[in-house]
Amino acid sequence: MIGFLEALGQWPGALWLQRSGTAYLLVNAAHILGIGLLVGAILPLDLRLAGLIRGAPLAALAPFLVRAAGIGLALALLTGLWLFTVKPLEYAANPAFLSKLALLGLALANIALQHRGAALAQAVATERVPGRVRARALASFSLWLAVLVAGRWIGFA
């Protein structure tokens, strides 16, 4: 595993970020943009599904917010992997980074559960949100905030 991580740190894209402050700045900014888009879209949807925000029709909100969150997630994952290559051995030993990965895994598993089956689609179509959809929305809200905090913790651990 150490050999793989060392090789990852020598990948041309990693070397470019290591050697260019501007390149690192731009990739880091794209990572933050992805996180902002993800969290900015998923948290209002989670709050609406959980019943903590009312009045906004799910049929209008959900399709747009799910797509926006998906785009943000893709951007955050791609740029996050790229940023990892700058110091792979250091990050792999960082407890905050490992916590972020575990929380990210839980958040992604929660997404898979929420979108599996017809419960979410029925809630969007009928405005009647089952308890399991509400519970997963609250879990999503909590997990994404925890991923965000763990990400900030990386620089301090």
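Everything discussed here concerns the structure shown above.
Below is a summary of the structure that appears in this document. Per chain, residues are indexed from 1 in the order of the written sequence. Restriction of local features to residues with pLDDT of at least 70 applies here, the model being predicted, together with a cutoff of 80 or more for giving and counting side-chain atom pairs; totals for whole chains, interfaces and linings are based on all residues. To get the side-chain values, take all heavy atoms of the structure and skip hydrogens and water.

Let us now look at the overall build of the chain. In this description a helix means any DSSP run of H or I spanning at least four residues, a strand means any run of E spanning at least two, and both kinds are numbered starting from the N terminus. Per the secondary structure count, the chain includes eight helices and zero strands. The helix and strand sequence of the chain, counted from the amino end, reads α-α-α-α-α-α-α-α. The C-alpha extent of the chain, read off along each of the three principal axes, is 55 × 25 × 25 Å. Sequence-distant contacts, at least 24 apart, represent 78% of the contacts inside the chain between residues at least 6 apart. Element-wise, carbon and sulfur atoms account for 72% of the exposed surface of the chain, whose accessible area totals about 8,800 Å². Both charge centroids of the chain, one from 12 positive and one from 4 negative side chains, sit 11 Å from each other. Two residues form a contact once any of their heavy atoms are found within 4.5 Å. Reported accessibility uses the Shrake-Rupley method at a 1.4 Å probe radius. Residues are deemed covered only where the shown protein chains occlude them. Two residue types count as positive, namely Lys and Arg, and two as negative, namely Asp and Glu; His and chain ends fall outside the count. Throughout, a charge is located at the NZ atom of Lys, the CZ atom of Arg, the CG atom of Asp or the CD atom of Glu.

Let's shift gears to unusual backbone geometry. For Glu 127, which is not glycine, the phi dihedral falls at a positive 70°. In this fold, Glu 127 is placed in the loop between helix H7 (119–126) and helix H8 (131–153).

On to helix H2 (residues 12–19), then. Since the α-helix packs 3.6 residues into each turn, any two residues three or four apart lie on the same face. Partly exposed residues are those whose accessible area sits between 20% and 50% of the maximum for their type, while under 20% is buried and over 50% is exposed, using a 1.4 Å probe and protein chains only. Listed in full, the buried residues belonging to H2 are Gly 13, Ala 14, Leu 15 and Leu 17. Buried-residue contacts for H2 involve helix H1 (2–9), helix H3 (21–49) and helix H4 (58–84).

What follows concerns the layout of surface pockets. Here a cavity means grid points, on a 1 Å grid over the protein atoms only, where a 1.4 Å probe fits yet cannot get out; a pocket means an open set of points with protein on both sides within 12 Å along at least five of seven lines; lining residues are those with an atom within 4 Å of a point. Grid points are joined across faces, edges and corners, and a volume is the space filled by probe spheres set on the points. Roughly 780 Å³ of internal volume is contained in the largest pocket. Along the walls of the largest pocket sit 26 residues, with His 31, Ile 35, Lys 100, Gly 151 and Ile 154 positioned nearest its centre. Elements that contribute at least two residues to the lining of the largest pocket include exactly H3, H4, helix H6 (95–115) and H8. Each residue belonging to the lining of the largest pocket can be placed in one class, and the counts come to 19 nonpolar, five polar and two charged. Nonpolar residues are Ala, Val, Leu, Ile, Met, Phe, Trp, Tyr, Cys and Pro. Charged residues are Asp, Glu, Lys and Arg, and all others, Gly as well, are polar.

A few words now on the packing of H3 against H4. The contact between H3 and H4 brings their axes to 7 Å, and the two run at 150°. The angle between the axes of H3 and H4 places the two elements in the roughly antiparallel class. Crossing angle aside, the handedness with which H3 passes H4 is left-handed. Tallied by class, the residues present in the contact of H3 with H4 amount to 25 nonpolar, six polar and one charged. Every axis corresponds to a line fitted to the C-alpha atoms, with the helix fit spanning only the stretch in contact, and the corresponding angles, defined between N-to-C directions, vary from 0 to 180 degrees. For this classification, under 35 degrees means roughly parallel, over 145 means roughly antiparallel, 65 to 115 means roughly perpendicular, and everything else is oblique. When the near helix sits turned anticlockwise from the far one by under a right angle, the crossing is termed left-handed; a clockwise turn instead gives a right-handed crossing.

Bringing the environment of Gly 151 into the picture now. As for its placement among the helices and strands, Gly 151 is situated in helix H8. Looking at Gly 151, the relative accessible area reads 23%, which means it is partly exposed.

Nine residue types can take part in a nonpolar core, namely buried Ala, Val, Leu, Ile, Met, Phe, Trp, Tyr and Cys, and a core is a set of them joined through side-chain atoms within 4.5 Å. Counting 26 residues, the largest nonpolar core has Ile 42, Leu 45, Leu 49, Val 129, Val 133 and Trp 144 as the members making the most contacts within it. Put simply, the parts of the chain that give this core at least two residues each are H3, H4, H6, H7 and H8. With seven residues, H3 is the largest single contributor of residues to this core. When sequence neighbours within four positions are dropped, the list of residues in contact with Leu 45 reads Leu 58, Ala 62, Leu 65 and Val 66. Counting six residues, the second largest nonpolar core, distinct from the first, contains Phe 84, Tyr 91, Phe 97 and Ile 154.

Our focus in this paragraph is the packing of aromatic side chains. Aromatic pairs are defined between Phe, Tyr and Trp rings, using the six-membered ring for Trp, whenever the two ring centres lie within 6.5 Å; interplanar angles under 30 degrees are classed as stacked, those over 60 as edge-to-face, and all others as tilted. Counting across every chain of the model gives five aromatic pairs. Measuring from ring centre to ring centre gives 5.2 Å for Phe 84 and Phe 97, while their planes differ by 15°; the resulting arrangement is stacked. Taken together, the residues span a long stretch of sequence, with Phe 84 in helix H4 and Phe 97 in helix H6 at a distance of 13 residues. Of the two residues examined, Phe 84 and Phe 97, each falls in the buried class. Ring centres 5.6 Å apart and planes at 35° place the aromatic pair Tyr 91 and Phe 97 in the tilted group. In this pair, the class of Tyr 91 matches that of Phe 97, namely buried. A network of ring pairs unites the aromatic residues Trp 11, Trp 16 and Trp 82 as a single cluster.

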